[in-house]
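What the coordinates show
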Amino acid sequence: MANDARPLSAQEAPRRAALGEPMMCMEQAQRGAIHIVGPYVYRLPGFFSSFDRFREPVSRPYFRFDQSPEQGEDAMFEGYQFGHIELWSNKGRSGDGPEPHAVRRNGQRKWTAQEILDEAERLASASAHVIPGRPGPQILPRAVASFRDIRKAQEEASQVQESYIQRGKGKKTVPVRRKLRRDAATLYASVFSLPVMTEDALADAELKREALDVLEQALEWECERISKAGGVVLAGVVHWDEEHLHLHVFAVDPVRGRVDHLHPGRVAKEAVNQSGEKKSKDRGKRANVAYCDAMRAWQDELHREVFASAGLLRFGPGRGRWTRKEYGRAKALQKDIASREARLADLEAWEGAQEDRQAELDAREKALDGRDAKIAQREAEVAEKARAAEAVRADAVALRTALDLGSRAVAYRELDYRQASEEREEGLEFGPGAPRSKTKRERLIKAVRPAYDFVVDLAKKAFNLRRREAQAAKAEAQNRKAAMSIADERERTGQVVPSILTQIVNGEALPLDRDAFPGALFLARGSDPVALQNELDEMPNVSVRRTWVATWQSMKICDERPDLAEDLARGAAALEEVARQRGYDLESGKHHPEKATDTKRARLHVDAEPAPIRIIRRNTQRVLTRG
């Protein structure tokens, strides 16, 4: 026991397990709690659940699980994995010699990229080795979905130009671009085979589905790895017409053309060769060792990510020199490991679903617990909203009542507008129609208080209206008196009294038309702008200002004739535009040419309103004069 209590590698543990030799981790074996096989640790029955296991680092010591492996529910494959990578060019290996085809160093034929695709497509010239009567190749599309597109992508990659440094005359170097060499590797091809007879897979639909699922996983793994390296996986091709079921994966690099960087072994070897060390036999050995280590790492990752879960071994029986019995037990053990791994994944998924379900139930229970509090809170909110709505309704009723009473009080002059003074601001005062009782007056003021500002504005408008009516009546009386004097004078002198003068004397309403506003500019819609501009250019600045004043004043008193008001508004706008062109201020009557928008029109007229007479000096001293 003491001799076996040592760390074992991941390759040695399955062999020892197949021989039945115990390999115990000392601290765990002393407690009798667990058995470890390969990278997995199994807890002994009676101590824990049969589903309870966990991973340990590969560097830990291992010991064998004595119990016979249990068959899992999911079907697994028995055997070891197979994965291989090759790179192909348009020409094959350089230095053909007299043979019609290039050959490898070991004497085997070096196929070209198109010949490899011919074999994958099962063309007649490359299908002598296939079993007749079997289904043709099945394409698993990725970047493309047909052999024609695969060939086209490889041909385009072989036409890519690469740059290199060419030494010119003297010591100068010149960058040059050229097409790839014919023997440059432009097609990446990897193959993955399963220990499944093609005949059995074709006869068993379930076995066929499971095999295709594993090959799909291998294809996805290659897609991810090649994509990270900068390549593009074109498609996968499954062959059903050979003895064992296998998958070909084809990839290219449409940017660089070459695919050497997609081969992990060549990348590692090139890194050693390009390290800057002088070429030597020792460097070549280390480059080869790096190549082998990189390919072993590729095989290890392939087994860990794809084939371990399918029940396949990393190595075959030849590596460990196993007997048939040892190999059988190793395959059964790997199959059991994969089955248990799948069952563990299902169990973890089930546990996750249960945790989610429990969390959902807890959330529901918490929601139910807080339902009463929420209902009470909602009832309180509804009651508060009802009280607020009732208060708003009461305010609205009071406001409506105040508006009605205030409007009536202003109309009957129970309340009048009080102008602002130094002592008090503007407000309301009792008018001639106000009630005499002090109680009724207080009741009236209290009733209109909610709409006090509105009633003040209404009373102010009524006050201004009465004042304007009084002013208009006064002006009308003065106009009638003046018209009467003019009519009497014209009759006395024997002149004809105009009809409009007679209408003014009789107090009749004057017609509201264009003739009633002499001096104003009426501009109808659709007037000729050129003719209008020429007409206004002839008017002096003072005439423009007086016409604008007459137009603006006439527009203010044409409320009953909107058509006239619109024509007057257009006329006022035209006059204002002319004033801006000249730089003439219509408000003050001053001419400012520097502010003109049109310098040419600013020089047409330079007149302005005369300045008012200003008293420069006033002598307030009294002067004595003789009486």
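Fair warning: this is a prediction, and the values are worked out from it, not measured in the lab. (Residues numbered from 1 in each chain as written. Predicted model: local features only at pLDDT ≥ 70, side-chain atom pairs only at ≥ 80, totals over all residues. Heavy atoms only, no water.)

1. What to know about the environment of proline 264
Relative to the helices and strands, proline 264 resides in helix 7 (residues 264-273). The spatial distance from the C-alpha of proline 264 to the C-alpha of alanine 294 is 5.9 Å, given a sequence separation of 30 residues. Residues within four places of proline 264 in sequence aside, it is in contact with Ile85, Arg225, Ala294, Met295 and Trp298. (Helix = DSSP H or I, 4+ residues; strand = E, 2+ residues; numbered from the N terminus. Contact = heavy atoms within 4.5 Å.)

2. Topic: the confidence of the model for the protein chain
Do not read the fine detail of predicted coordinates wherever pLDDT is low. Predicted confidence across the protein chain gives a mean pLDDT of 81, with 82% of residues reaching 70 or more. Element-level mean pLDDT values for the protein chain span from 35 in strand 3 (residues 53-55) up to 97 in strand 9 (residues 232-239). Segment residues 1-11 is flagged for pLDDT under 50; beyond a separation of four residues in sequence, or across chains, it makes 20 contacts in the model. Within the model, pLDDT remains below 50 along residues 13-75, and this stretch shows 132 contacts once partners closer than five positions in the same chain are excluded. (pLDDT = per-residue confidence, 0-100.)

3. Description of helix 8 (residues 281-307)
Compared with the 39 Å implied by 1.5 Å per residue over 27 residues, the 37 Å span of helix 8 between its first and last C-alpha is a close match. Every buried residue belonging to helix 8 is among Arg283, Ala287, Ala290, Ala294, Met295, Trp298, Gln299, Leu302, His303, Val306 and Phe307, and all of these are buried. Against strand 4 (82-88), strand 8 (187-197), helix 6 (205-229), helix 7 and helix 10 (324-369) lie the buried residues of helix 8. (Expected span 1.5 Å × (residues − 1). Buried < 20%, exposed > 50% of the residue type's maximum accessible area, 1.4 Å probe, protein only.)

4. Quick look at the packing of aromatic side chains
Per the stated rule, a full pass over the model turns up 3 aromatic pairs. A ring pair is formed by tryptophan 221 and tryptophan 298, whose centres lie 5.8 Å apart and whose planes are at 45 degrees; its orientation type is tilted. Here tryptophan 221 is found in helix 6, whereas its partner tryptophan 298 is found in helix 8, with 77 residues between them in sequence. Tryptophan 298 matches tryptophan 221 in its accessibility class, with the two residues each being buried. Each ring, one from tyrosine 417 and one from phenylalanine 463, has its centre 5.6 Å from the other, and the planes form 45 degrees; the classification is tilted. Here the residue tyrosine 417 occupies a position in strand 11 (residues 415-418), and phenylalanine 463 occupies one in helix 13 (residues 452-492), the gap between them amounting to 46 residues. One aromatic cluster is present, built from ring pairs that chain together Phe192, Trp221 and Trp298. Against the face of phenylalanine 430 rests arginine 441, its NZ or CZ located 4.6 Å from the ring centre. Lying over the aromatic face of tyrosine 452, arginine 449 brings its terminal NZ or CZ to 5.0 Å of the ring centre. (Phe/Tyr/Trp six-rings, centres within 6.5 Å; stacked < 30°, edge-to-face > 60°. Lys NZ or Arg CZ within 6 Å of the ring centre and 35° of its normal.)

5. Overview of the pattern of salt bridges
Scanning the model with the defined rule gives 36 salt bridges in all. Arginine 364 is the salt-bridge partner of glutamate 360, the closest N and O atoms lying 2.9 Å from each other. Of this pair, glutamate 360 and arginine 364 both sit in helix 10, 4 residues apart, which is roughly one turn of that helix. For glutamate 360, a relative accessible area of 36% gives the class partly exposed. A salt bridge links arginine 601 to aspartate 537; its shortest N-O distance comes to 3.2 Å. Taken together, the positions of arginine 601 in helix 18 (residues 599-602) and aspartate 537 in helix 15 (residues 529-537) put the pair 64 residues apart, joining distant regions of the chain. Take aspartate 537: its relative accessible area is 14%, and that puts it in the buried class. When salt bridges that share partners are traced, they join Glu119, Arg122, Asp241 and Glu242 into one network. (Salt bridge = Lys/Arg side-chain N within 4 Å of Asp/Glu carboxyl O.)

6. A closer look at the sheet that holds strand 5 (residues 138-141)
With antiparallel pairing, the 5 strands of this open sheet are ordered in space as 4-8-10-9-5. Looking along the sheet, the strands with just one partner apiece sit at the ends: strand 4 and strand 5. Going across the sheet, the axis of each strand differs from the next one's by a mean of 20 degrees, ignoring polarity. In the sheet, strand 9 pairs with strand 10 (residues 244-252) via 7 bridges, with the strands oriented antiparallel. Bridge pairing in strand 10 links histidine 239 to histidine 246. Its contacts with the sheet place helix 3 (residues 113-121) against strand 4, strand 8, strand 9 and strand 10, and it is angled at close to 140 degrees to strand 10. Set on the sheet, helix 4 (residues 147-158) makes contact with strand 5, strand 8, strand 9 and strand 10; between it and strand 9 the angle comes to about 140 degrees. (Pairing = 2+ DSSP bridges. Axes fitted to C-alpha atoms, helices over the stretch in contact; angles between N-to-C directions.)

7. Some details on the packing of helix 6 against helix 8
Relative orientation of the contacting elements helix 6 and helix 8 amounts to 130 degrees, with a least axis distance of 10 Å. One way to sum up the angle between helix 6 and helix 8 is to call them oblique. Between helix 6 and helix 8 lies a crossing whose hand is right-handed. Contact residues: Val214, Gln217, Ala218, Trp221, Glu222 and Arg225 in helix 6; Trp298, Glu301, Leu302, Glu305, Val306 and Phe307 in helix 8. Grouping the constituent residues of the contact of helix 6 with helix 8 by class yields 7 nonpolar, 1 polar and 4 charged. (Parallel < 35°, antiparallel > 145°, perpendicular 65-115°, else oblique. Left-handed = near helix turned anticlockwise from the far one by under 90°. Nonpolar A, V, L, I, M, F, W, Y, C, P; charged D, E, K, R; others polar.)

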